[in-house]
Structure formats: structure tokens, C-alpha cells
Amino acid sequence: MQKPPACPLSHLHIYSLYPFLSIIIMAFSFSFTALALLISSLAAAFLLLFRRTRYLRMGLPPGSLGFPLIGETLQLIKAYKTEDPEPFIDERVTRYGSVFTTHLFGEPTVFSADAETNRFVLQNEGKLFECAYPASISNLMGKHSLIRMEGSLHKRMHSFTMSFANASAMKDHLMVDIDRLVRFNLGSWSSRVLLMEESKKMTFDVAVKQLTSFDPGEWSENLRKEYHLVIEGFFSLSHPLFSTTYRKAIKARRKVAEALTAVIMERREEEKEGAERKTDMLAALIAADDGFSDEEIVDFFVAILVDAYETTPTIMTLAVKFLTETPLALAQLKEEHEKIRAMKSDSESLEWSDYKSMTFTQCVVNETLRVANVIGGVFRRAMTDVEINGYKIPKGWKVFLSFRGVHLDPNNFNDARTFNPWRWQSNSVTTSPSKVFTPFGGGPRICPGYELARVAISVFLHHLVTSFSWVHEEKDKMVFFPTTRTQKRYPITVKRRGGGLSST
Ligand code: HEM
């Protein structure tokens, strides 16, 4: 029998078939992966379309919800980590209008860059909307902090806080304290300083004084260091298992609470023993009719110190940055302060009337607040279905009121993206500023420290320009996430000018 012709491949060992087999398997698995990818993309696209149509039918503002779960959070963070975060808002406002739907930090959110909508929401605090801070912030602040209080208790404690930071408190004693503490801090400056760090020391010292009457020292410096860790935790994942930063923040929060509790207990003892009552916030809280517990006082203080540590010093630093970049404004500011100093001896404190005469300084402060937007906006949650300007915001939905979007809108301010303090002198603000300028928020939750912040920044600028000249030589980038700051804390090299700055 004739042997069948040998298969041309028969001499090949089975192993030599492996490359072919693997190509076939790869091709098969590749097409399987491609198919799986195609199916999941189609499913995601279908889901997005379904969600979008459902939201449009619900009467929500137009917009995009981005990817499932993460929404547009990554785009927002990416934009805010650069020097120019504006495109994030600009692109959406151009496409959808100044109120649009998005999805941020795990929740669908209505984003408003519209002054009228922002005002409506702020004014309806407690009626149609409530505060909705991320869990990481509200947990670290504590359940008795002002931001978590509601109703009549909030109203009472808000006006209590204001009474310690308003014009009459300032005239009464705060102005002198601020002047003294600013001089004290500036007194130690020589050559290179990190301005952001130094400003934080100053404002922290002022707040500690206002709360407890303590002057700066080792105790307040240690407390400040713990505070730094608490604030770092604000914008981390709010679960100790997932974030080392958050774990450190909780630990630091505990230390802060222990330190403050010890002070409260000591003060209660002193008062029992008949010591003279002090005029600080602690004394007023202890003497309150309905008696606050130690825990309540601690939470209340933690929130106030947070503001002192973050917002005011950022504006102090950025005012100097903008002035350094705008020599004409710096020259005009110097002139204003040199006139005031010329009427006083070196050691004489600034008075309320001096502050009131700093008119150009107020233009600089306003313009820094407008351009820097240290609080870029606030979150609220709808307590019921709400209709605004023809759109519906469903009950339980988050709303982000973007102050930044309004402050940098060319329809509200001419040449809105440029630092121009003179705009506050003339009528070049397009719309009435009170309607479009809300760096301190508005409604029942308006910042109770707004006057104090303005005074502290003005007093600081006074002593800085009358006592020092400075240069900023290092490149330093501004970023807006997690907070507004310059990456290197704005280092400057200072040189003392003749006279001025004798600390009292
Ligand atoms: C430039 C400095 C400051 C800016 C830009 C600023 C801005 C703001 C804004 C926008 C809010 C409203 C938050 C919201 O509506 O949810 C607020 C609330 C608050 N601020 Fe300020 N703030 C500054 C300085 C201060 C200072 C020095 C204090 C100290 C007394 C302070 C204490 C508070 C407190 C306790 C709240 C919560 C009010 C509430 O929920 O009722 N702030 N701040």
C-alpha cells in the first residue's frame, strides 16, 4: 500500500505550533476583549444617555454628568491644580449657560456661576436649602461647630460670633490686639521669609487671643502645628482606612480638643475661685445662660481657628503677590500708609479712625478677594424640590454656588481676569458690586469674621509697607486645589526700612 504523502507539516514538532496557536488564542482573546470593551462602552453610553434624558425630563439645567461615579470631578481637580482653572467653568458656561448640571465628588450637582441664583440659594438657607459640606470637613470640625448648627441655635451662635469680630469689638479692644500681634510677628523678620507661613502665625495668634486671651507662646505654636494637620485632612478621603492624611488629621483634632479642654477646665476653676472675668469668647461662652459643655465650646473654637488659619492669611499673602506684580498699586498703597504713619510715633497703635481712612487699601483688599477667591464657592443641599429661573432642583440634590464664576465673569466686571484695584474707586464695576461680589458668602451664614479679616489684612499691609521693602525672586506657582495657595508659600527677601515697627 502506498504510503499517503507525508503531511508537509508532519516533521514539525507539536511545540513548534505554539506560536501559531498563541496567535490564534491572542486573536480570539483580543476580539473577546474588544467585544467586552465595545459592550461596556455601549452600556456606559446608553446609561449616560438614559440619565441625561431622565434629568432633562426632570427639568434640571442642561449639562454633562461625565463618567459614572467620578462624574467630572477629575476634570475639576485637574483644572484647579493649574494656574488657570477658568476653562473648567468657561467651557460649560459657553455650552450650557451659567447654571448647569454636573457630577462632583460622588454626587450629581447643580453648578451655579450665576449671581442671582447664588443669592436666592444663600438667602433661603434653612428654608429651601441647607449647608452640605463634604464629610471630611464636617467630621473634623465637630458636631457643635457653627457650620453644622441649624435653626435658632445657629442664629444665636452666629450673632454671638459676630459680636466678637464686628466694628464695636474692634474699636473696643481688637484693633489694639491686632496691631500689637502683627508688630510682634513682623518684628522677628530678617532676610528670607515664607509669607504664607508668617501670615498664618499672625492670624492664628489673633484668633487665639480673641478666644482665650492667650498671647503667642509655646502653647499656641504647638496648637498651630496640630491645626496644620487637621486642615490637611479636610480635602482627603474621609475614611481613616483609605487615607493616612485623614488618620493624621483625626489624631491632630484629638490633640487640639485635649489642649482646648484643659484651658476651658482651668478657666472654669479660676472663675469658681472668684478670679476677675475676662473679656474673651471663652468667658462669654462659660457665662452663657444655658451653659455650654466643654465639648460644645471645643467644636465651636475649632471651626473659628480653622478660618483664622486658612482664609485671612491666604488673602494677606496674595495681596502682597498682586501688589508686587503691580508696582503702581504698591506705590499708591505705600503713600496712603506713610501719611498715616507720619501722624504717629513709631510705637503708637493704629486706631479705628486710621483703618477707616485706608480707602485705597480697601480697594486692594476687595480686588484680592475678587481675583483670588479663597473660598471659591459653597455647597448647599435642596431640602425640597425647588424651581429657579425655569429649572428644577430636586429635593436632596447638591448645589454648588460658584463665587469664582461670578467674580471672574466679564459681564460683571470689566477685564475681569486682571488685578485692578482702581476699579473699586471708579464706576468700572459693571453691575452693582453688592450683587456680584460675595467673597464672604451671604444670607444667614454670611462670614461672621468679615470685618475682622479686613482689619487684620489692612493692619498687616500697613506695617509691611511702612517697615519693609521686599523682593520676590523665586518662581512660585498659584494653585486652587485643595485650597488656594502658592506652591512655595511665597518666599520674599525683606529689608527693614528706617523707623517704624517698634513692638509694644
Ligand atoms: C479673608 C478671610 C475670610 C473669607 C474670604 C471668609 C469667607 C467665608 C465664607 C464665604 C463663608 C460662608 C460659608 C458658607 O456659606 O457655607 C464663611 C463662613 C464662616 N467664617 Fe469666614 N472668611 C474669612 C475669615 C474669617 C475669620 C477671620 C473668621 C473668624 C471669626 C471666620 C469665621 C467664619 C465662620 C465661623 C463661618 C461659618 C458661618 C456659619 O456657618 O454660620 N471667617 N467665611
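- In the annotation of an unreviewed UniProt entry, the protein is listed under the name Cytochrome P450 90A1 and assigned to Brassica rapa subsp. trilocularis.
- Listed in UniProt under the heading Subcellular location (unreviewed entry), the comment for the protein reads: "Membrane".

**Side note on the overall build of the protein**
So, step 1. Along its length, the protein carries 18 helices and 12 strands.
So, step 2. Classification of the 504 residues of the protein by burial places 49% in the buried group.
So, step 3. For the protein, the proportion of contacts with a sequence separation of at least 24, taken over those separated by at least 6, is 70%.
So, step 4. As presented, the protein carries roughly 24,900 Å² of accessible surface, and 60% of it is formed by carbon and sulfur atoms.

**Notes on the packing of aromatic side chains**
So, step 1. For the structure shown, the criterion picks out 17 aromatic pairs.
So, step 2. Look at Phe 111 and Phe 400: their rings are 5.3 Å apart centre to centre, the planes differ by 45 degrees, and that puts the pair in the tilted class. Pair noted here: Phe 111 is in strand 2 (residues 107–112) and Phe 400 is in strand 8 (residues 398–402), with a separation of 289 residues, a long-range link. No difference in accessibility class separates Phe 111 from Phe 400, as the two residues are buried.
So, step 3. Considering the side-chain rings of Trp 424 and Phe 437, the 4.6 Å spacing of their centres and the 50 degrees angle between planes classify their relative orientation as tilted. Separated by 13 residues along the polypeptide, Trp 424 in the loop between helix 16 (403–407) and helix 17 (433–436) and Phe 437 in the loop between helix 17 and helix 18 (450–467) bring together distant segments of the chain.

**Side note on the pattern of salt bridges**
So, step 1. Tallied over the full model, the rule gives 28 salt bridges.
So, step 2. The partner of Glu 310 in a salt bridge is Lys 200, and the shortest N-O contact between them spans 3.3 Å. Separated by 110 residues along the polypeptide, Glu 310 in helix 12 (residues 294–325) and Lys 200 in helix 8 (residues 195–212) bring together distant segments of the chain.
So, step 3. Of the residues examined, Glu 310 reaches a relative accessible area of 13% and is grouped as buried.
So, step 4. Arg 423 serves as the salt-bridge partner of Glu 367, at 3.0 Å between the closest nitrogen and oxygen.

**Overview of the coordination of the iron atom of the ligand**
So, step 1. One donor from the polypeptide reaches the iron atom of the ligand: Cys 447 (SG), at 2.3 Å.
So, step 2. Topologically, Cys 447 is positioned in the loop between helix 17 and helix 18.

**Details of the site of the ligand**
So, step 1. The ligand sits among 24 residues. The nearest are Tyr 133, His 154, Arg 380, Arg 445 and Cys 447.
So, step 2. Residue His 154 places a side-chain N or O atom 2.5 Å away from an oxygen atom belonging to the ligand.
So, step 3. Taking Arg 380, its side chain carries an N or O atom lying 2.7 Å from an oxygen atom of the ligand.
So, step 4. Of all elements in the fold, only helix 6 (151–163), helix 12 and strand 5 (377–382) reach the threshold of two or more residues within the shell around the ligand.
So, step 5. Along the lines of polarity and charge, the residues of the shell around the ligand split into 15 nonpolar, six polar and three charged.

**A word on helix 18**
So, step 1. The first and last C-alpha atoms of helix 18 sit 26 Å apart over 18 residues, in line with the 26 Å expected at 1.5 Å per residue.
So, step 2. Within helix 18, 17 of the 18 residues are buried, leaving the element largely enclosed by the surrounding structure.

**What about the sheet that holds strand 3 (residues 129–131)?**
So, step 1. Spatially, five strands are ordered 1-2-8-5-3 in an open sheet, and the strand pairing comes out mixed. Single-partner strands in this sheet number two, and they are strand 1 (99–104) and strand 3. Sheet twist, expressed as the mean angle between neighbouring strand axes with direction ignored, is 35 degrees.
So, step 2. In terms of strand pairing, strand 1 meets strand 2 through six bridges, oriented antiparallel. Opposite His 103, over in strand 2, you have Pro 108 as the bridge partner.
So, step 3. Where helix 3 (residues 86–96) meets the sheet, it contacts strand 1, strand 2 and strand 8, and its direction lies at approximately 130 degrees from that of strand 1.
So, step 4. Helix 4 (residues 115–123) contacts strand 1, strand 2, strand 3, strand 5 and strand 8 of the sheet and is inclined by roughly 125 degrees relative to strand 8.

**Structural notes on the packing of helix 10 (residues 244–272) against helix 12**
So, step 1. As a packed pair, helix 10 and helix 12 sit with axes 9 Å apart at the nearest point and diverge in direction by 120 degrees. With respect to helix 12, the element helix 10 is oriented oblique. At the point where helix 10 passes helix 12, the crossing takes the right-handed sense. Contacts between helix 10 and helix 12 involve Arg 253, Val 256, Ala 257, Leu 260, Thr 261, Ile 264, Met 265 and Arg 268 from the first element and Asp 294, Ile 297, Val 298, Asp 299, Phe 301 and Val 302 from the second.

**A look at the side chain of His 144**
So, step 1. In this fold, His 144 is placed in the loop between helix 5 (135–141) and helix 6.
So, step 2. Residues contacting His 144, with those up to four places away along its chain left out, are Met 149, Glu 295, Glu 296, Asp 299 and Phe 300.

Rules used throughout
- Residues numbered from 1 in each chain as written.
- Predicted model: local features only at pLDDT ≥ 70, side-chain atom pairs only at ≥ 80, totals over all residues.
- Heavy atoms only, no water.
- UniProt positions renumbered as here; feature names shortened; annotations may be inferred.
- Helix = DSSP H or I, 4+ residues; strand = E, 2+ residues; numbered from the N terminus.
- Buried < 20%, exposed > 50% of the residue type's maximum accessible area, 1.4 Å probe, protein only.
- Contact = heavy atoms within 4.5 Å.
- Areas by Shrake-Rupley, 256 points an atom, 1.4 Å probe, with all protein chains shown as cover.
- Phe/Tyr/Trp six-rings, centres within 6.5 Å; stacked < 30°, edge-to-face > 60°.
- Salt bridge = Lys/Arg side-chain N within 4 Å of Asp/Glu carboxyl O.
- Donors = N, O, S within 2.8 Å, 3.2 Å for Na, K, Ca; no water.
- Near = heavy atom within 4 Å.
- Polar contact = N/O pair within 3.5 Å; in protein donor to acceptor, adjacent residues only side chain to side chain.
- Nonpolar A, V, L, I, M, F, W, Y, C, P; charged D, E, K, R; others polar.
- Expected span 1.5 Å × (residues − 1).
- Pairing = 2+ DSSP bridges.
- Axes fitted to C-alpha atoms, helices over the stretch in contact; angles between N-to-C directions.
- Parallel < 35°, antiparallel > 145°, perpendicular 65-115°, else oblique.
- Left-handed = near helix turned anticlockwise from the far one by under 90°.

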